Amino acid sequence: MTPKTAIVRICLFWFLCCSAPLSSVPAVAAVDSGSDEACDAPDVNEYPPPPKSCRLLLSPRSSSSQDIDDDVDRKYGIYSAVSIPKNHPLTPLGGDLVLHLIDVSTSNEHKTSAHVENTVQLQKWKKYGYIQEAATSGHGGNYEGLGDIWTVLPGVSMLGASRQQKQGRPNIWASIPENDEASHPRHQSALAGSFALHYNLTHQVTIPGGLEGGDEVLVDRSGWHRKRALMLNSDDTAVNDGSSNNNSKDDTTMSIDHLFSHGTCLDNIYPGKSSNGYGRGALASRFIPSGSIVAPVPVLPLPRDELKFLRLKEWKKVTSFRKRLLKETAGGKSDGEGDVTEDELPLPPDMDWRQQLLLNYCYGHAQSSVLLFPYGVFVNYINHAPSTSESSDGPEANVKLQWSERLMNTATTDLRSLTPSQLWEQSTPPEGLILELVALKDIKPDEEILLDYGSIWSEAWKEHSDQYPESILKLADDHTLEKEYSPAYIMDDVVTNLRTVEEQTQFPYPENVFTACFYRYDTEATTKSDTVNKGKTEATPWKMSLGLFDMTNLRPCKVISREPANDRFATPQQLKQQGQPPQGKMLYTAIIQNRPGLPANERIPKGTKHIVSGIPRGAFRFVDRPYASDIH
């Protein structure tokens, strides 16, 4: 992500100092203007109840249900207030967005020890299930960078509790998200690069019999469904089919009355097209009266520095520069970098820190070292509009933020009483800080939800948008703007017949994409009877199998030939009777390659050419090359 886009979605609500406890900070929009008019949350007994039509609620979990969790004691849970049949969506009006952290520093290779320590909180998020590895999550993002890619799944995936396999199965599952630019391509819109391209990650109910009113939603954080699709689950069939007594709902079910007395509605908003030209937005799913709670906004605290990063190959240049600098400052000595900070070891003069896209979704203040990442359901779709007092024309903010006393009053420790440094030292899960969106006026069904990001944000955005056309024209004049750039999802839509490697020498694809295949390889493949081995070359036919179209099986591949998609098992006479195959229906032969992050048993041995024939077009995907998509 370029520096110009780093200001686009930074919501400036907070003024957090390194020594001040959070309780001393008003949770209001436009705090940079000095206003604290909206900081007072109502008494917990004055809260309006959730609407009776609410389907999903966030509520404090019982102590008995916390025992089921996988590595973490979630303090809050998602509960269904209605019956939802199996294979039906948990949120029928849409799914949440997906964010990726690029080239996360997790080891000392090519990096300083100080920078590795600078991802301590992100690693804590990962430990407690708030972040997953893109290589194994099945939600895409594998190719966004060349280093470690982590996936952040706000909404149901982060909020919901998970269940250990030995105690039962999860009851929902999320498919592959959609991917597009929301009608804001890089050569036309100043919004390009400021928002997540992956979105609409929708969860389906998978438990036999479906969910009933009062049931807790249990997410698949350990890959239970993926393992089942790949037939890697336990031999305990009772667990696999959900019929085990250990899968009893009694320990996770709450009464409907209790949920509406203690919970907050999660489905007052849904994702859709912004009515104000912002691309995607959050819309009201029902009438929301003024003063009502629109949505809970749980937040995770994070040091701002942890969202700085460099691309994997840039670290080599940095390491060389710093060794040379240390040698010069030490009078010829270069015995290692020791215990240093990022400031003590600067970057080369021609290099700046990059910022993770996650920064654009955090609440924070420009002069604060602390950020808060909101991970409530659909809240990251909410766009900006100025407050009534500041607006001359156009849309106005219709919600504000305040602390959620209703949800936070059950905590044993009020995290707002801690300083940021005390927060970082916590050995427990980082949850517990919860804001809420409150309606400033009556909001009609399907009306867009808008929040005032603050005057500092507004000024920064105006400067960015004013400069954007000029900067784009300059890039075009310098021939540095990709004239042939075409996102991978568009290439998949328009390219019916794939070109071979030889054809691409004359008619190349845009430089930002490459082809990949859904294919499963294992080290035993060379011993199978349908695999032909000739020295360092292996040849085998493509086979459809259960779980093959999981994103973890998407590997780079190069097409070397194609042929009409006739029935490979038909006799010559049958082929003659069939005539020509339907136009555009082809089968392909391709060289399969390794992708980053593959386990050893799935890696094609170095120097081996693995050729697969009979691959249908539907098993190919165009993929954006590392660092080529708009989020960079």
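Residues numbered from 1 in each chain as written. Predicted model: local features only at pLDDT ≥ 70, side-chain atom pairs only at ≥ 80, totals over all residues. Heavy atoms only, no water.

Trainee: Please provide a residue-by-residue account of the overall build of the protein chain, values included.
Mentor: On a plain count of helices and strands, the protein chain comes out with 14 helices and 30 strands. Taking all 632 residues of the protein chain together, the buried fraction comes to 53%. (Helix = DSSP H or I, 4+ residues; strand = E, 2+ residues; numbered from the N terminus. Buried < 20%, exposed > 50% of the residue type's maximum accessible area, 1.4 Å probe, protein only.)

Trainee: Describe the state of the cysteines, with residues and values.
Mentor: Summed over all chains, the structure comprises 2 disulfides. Sulfur-sulfur distance for the disulfide between cysteine 54 and cysteine 265 comes to 2.2 Å. The S-S bond linking cysteine 54 to cysteine 265 shows a torsion near 105 degrees; that makes this disulfide right-handed. Residue cysteine 54 is found in the segment before strand E1 (56-60), and its partner cysteine 265 is found in strand E12 (residues 264-265); the two are separated by 211 residues along the sequence. Neither cysteine 54 nor cysteine 265 differs from the other in exposure class; each is buried. Here cysteine 517 is linked by a disulfide to cysteine 557, with a sulfur-sulfur distance of 2.0 Å. Sign of the S-S torsion, about 80 degrees for the bond between cysteine 517 and cysteine 557, identifies this disulfide as right-handed. With cysteine 517 in strand E24 (residues 513-518) and cysteine 557 in strand E27 (residues 554-564), this residue pair connects regions lying 40 residues apart in the sequence. In this structure cysteine 517 comes out as buried when scored by relative accessible area, which is 1%. Bonded cysteines in the protein chain are paired 1-2, 3-4 when counted in the order they occur along the chain. (Disulfide = S-S within 2.5 Å.)

Trainee: Run through the sheet that holds strand E3 (residues 96-104), naming residues and quoting values.
Mentor: With antiparallel pairing, 5 strands are arranged side by side in an open sheet as E4-E5-E3-E9-E8. The sheet is open, and its two borders are formed by strand E4 (131-133) and strand E8 (178-179), each paired with just one other strand. Where helix H2 (residues 120-127) meets the sheet, its contacts fall on E3, E4 and strand E5 (148-152), and the angle it forms with E4 comes to roughly 85 degrees. (Pairing = 2+ DSSP bridges. Contact = heavy atoms within 4.5 Å. Axes fitted to C-alpha atoms, helices over the stretch in contact; angles between N-to-C directions.)

Trainee: I'd like a description of the side chain of asparagine 380, backed by residues and values.
Mentor: Along the chain, the position of asparagine 380 falls in the loop between strand E19 (370-374) and strand E20 (383-384). Exposure remark for asparagine 380: the relative accessible area of 3% places this residue in the buried category. Polar side-chain contacts of asparagine 380 include one of 2.9 Å to the backbone oxygen of proline 374. (Polar contact = N/O pair within 3.5 Å; in protein donor to acceptor, adjacent residues only side chain to side chain.)

Trainee: An account of the confidence of the model for the protein chain is needed here, citing residue identities and associated values.
Mentor: For the protein chain, per-residue confidence averages 80 on the pLDDT scale, and residues scoring 70 or more make up 74% of the total. Between residues 235-248, whose pLDDT stays under 50, and residues either more than four places distant or in other chains, the model counts 26 contacts. Scored below 50 in pLDDT, residues 332-343 makes 23 contacts in the model with residues more than four places away or belonging to other chains. (pLDDT = per-residue confidence, 0-100.)

Trainee: Now, about the sheet that holds strand E2 (residues 76-80): what can you tell me, with residues and values included?
Mentor: One open sheet holds the 3 strands; their spatial order is E2-E1-E12, and the pairing between them is antiparallel. Pairing within the sheet leaves two strands with one partner each, and these edge strands are E2 and E12. Where E1 meets E2, 5 bridges bridge the pair, whose relative direction is antiparallel. From the neighbouring strand, leucine 58 faces E2, where its bridge partner is isoleucine 78.

Trainee: Could you give me a rundown of the nonpolar core, with the residues and numbers involved?
Mentor: Counting 81 residues, the largest nonpolar core has Leu358, Phe373 and Leu437 as its most contacted members. Looking at which element gives the most residues to this core, the answer is strand E15 (residues 293-303), with 6 residues. Counting 30 residues, the second largest nonpolar core, distinct from the first, contains Met491, Leu498, Val559 and Ile592. (Core = buried A, V, L, I, M, F, W, Y, C linked by side-chain atoms within 4.5 Å.)

Trainee: Any chance you could break down the pattern of salt bridges for me, citing the residues and the numbers?
Mentor: Per the stated rule, a full pass over the model turns up 13 salt bridges. Aspartate 414 is the partner of arginine 416 in a salt bridge, and the nearest nitrogen-oxygen pair spans 3.0 Å. Exposure remark for aspartate 414: the relative accessible area of 33% places this residue in the partly exposed category. A salt bridge links glutamate 503 to arginine 562, with the shortest nitrogen-to-oxygen separation between them at 2.9 Å. Taken together, the residues span a long stretch of sequence, with glutamate 503 in helix H13 (residues 501-504) and arginine 562 in strand E27 at a distance of 59 residues. On the basis of relative accessibility, which here comes to 28%, the residue glutamate 503 falls in the partly exposed class. Assessed through its relative accessible area of 33%, arginine 562 is described here as partly exposed. It is possible to trace a salt-bridge network through shared partners that takes in Glu405, Asp414 and Arg416. (Salt bridge = Lys/Arg side-chain N within 4 Å of Asp/Glu carboxyl O.)

Trainee: Before we move on, could you go through the pairing of strand E14 (residues 280-284) and cite the residues and values that matter?
Mentor: Burial analysis of E14 places 5 of its 5 residues in the buried class, which makes it a mostly covered element. What you see with E14 is no split at all: Arg280, Ala282 and Ala284 on one side and Gly281 and Leu283 on the other are buried throughout. Pairing of strand E13 (residues 269-273) with E14 involves 5 bridges; the strand directions are antiparallel. When the sheet's bridge partners are listed, proline 271 is paired in E14 with alanine 282. Taken together, E13 and the strand that follows it, E14, pair antiparallel across an intervening segment of 6 residues, in which glycine 277 is found at a positive phi of about 80 degrees.

Trainee: Describe the environment of arginine 354, naming the residues involved and giving the relevant values.
Mentor: Looking at the element boundaries, arginine 354 is found in strand E17 (residues 354-355). When the C-alpha positions of arginine 354 and phenylalanine 309 are compared, they lie 5.2 Å apart, and in sequence the two are 45 residues distant. Non-local contacts of arginine 354, meaning those with residues more than four positions away in its chain, are made with Leu307, Lys308, Phe309, Leu310, Arg311 and Glu314.

Trainee: I'd love a proper account of the environment of phenylalanine 620, names of residues and values included.
Mentor: As for its position among the elements, phenylalanine 620 is in strand E30 (residues 620-624). Phenylalanine 620 gets classed as buried once you look at its relative accessible area, which sits at 1%. Each C-alpha atom of the pair phenylalanine 620 and threonine 515 lies 6.8 Å from the other, and the pair is 105 residues apart in sequence. Contact partners of phenylalanine 620, with chain neighbours within four places excluded, come to Asp492, Leu498, Ala516, Cys517, Cys557, Val559, Tyr588, Ala590 and Ile615.

Trainee: Can you break down the environment of glutamate 436 residue by residue, with the values?
Mentor: One can find glutamate 436 in strand E22 (residues 433-439). Relative accessible area serves as the criterion here: at 0%, glutamate 436 is assigned to the buried category. Ignoring anything within four residues of it in the chain, the contact list for glutamate 436 reads Tyr47, Ile293, Ala295, Pro296, Val297, Lys400, Leu401, Gln402, Trp403 and Ser404. At a separation of 3.0 Å, a polar atom in the side chain of glutamate 436 contacts the side chain of serine 404.

Trainee: Tell me about the side chain of serine 404, and name the residues and values.
Mentor: Mapped onto the fold, serine 404 is located in the loop between strand E21 (399-403) and helix H9 (405-408). Residues contacting serine 404, with those up to four places away along its chain left out, are Tyr47, Ile434, Leu435 and Glu436.

Trainee: Mind laying out unusual backbone geometry, listing which residues take part and the relevant values?
Mentor: Positive phi values are uncommon outside glycine, yet aspartate 446 reaches one of about 70 degrees. By the secondary structure assignment, aspartate 446 is in the loop between E22 and strand E23 (450-451). In this structure aspartate 446 comes out as partly exposed when scored by relative accessible area, which is 49%. For tyrosine 627, which is not a glycine, the phi torsion comes out positive at approximately 70 degrees. Considering the arrangement of structural elements, one finds tyrosine 627 in the segment after E30.

Trainee: I'd like to hear about helix H8 (residues 314-329), residue by residue, with values.
Mentor: Side chains of residues three or four places apart in an α-helix project in the same direction, reflecting 3.6 residues per turn. Between the first and last C-alpha of H8 there are 23 Å, a value that for 16 residues agrees with the 22 Å anticipated at 1.5 Å per step. Turning to H8, its buried residues number three or more, namely Glu314, Trp315, Val318, Thr319, Phe321 and Arg322. (Expected span 1.5 Å × (residues − 1).)

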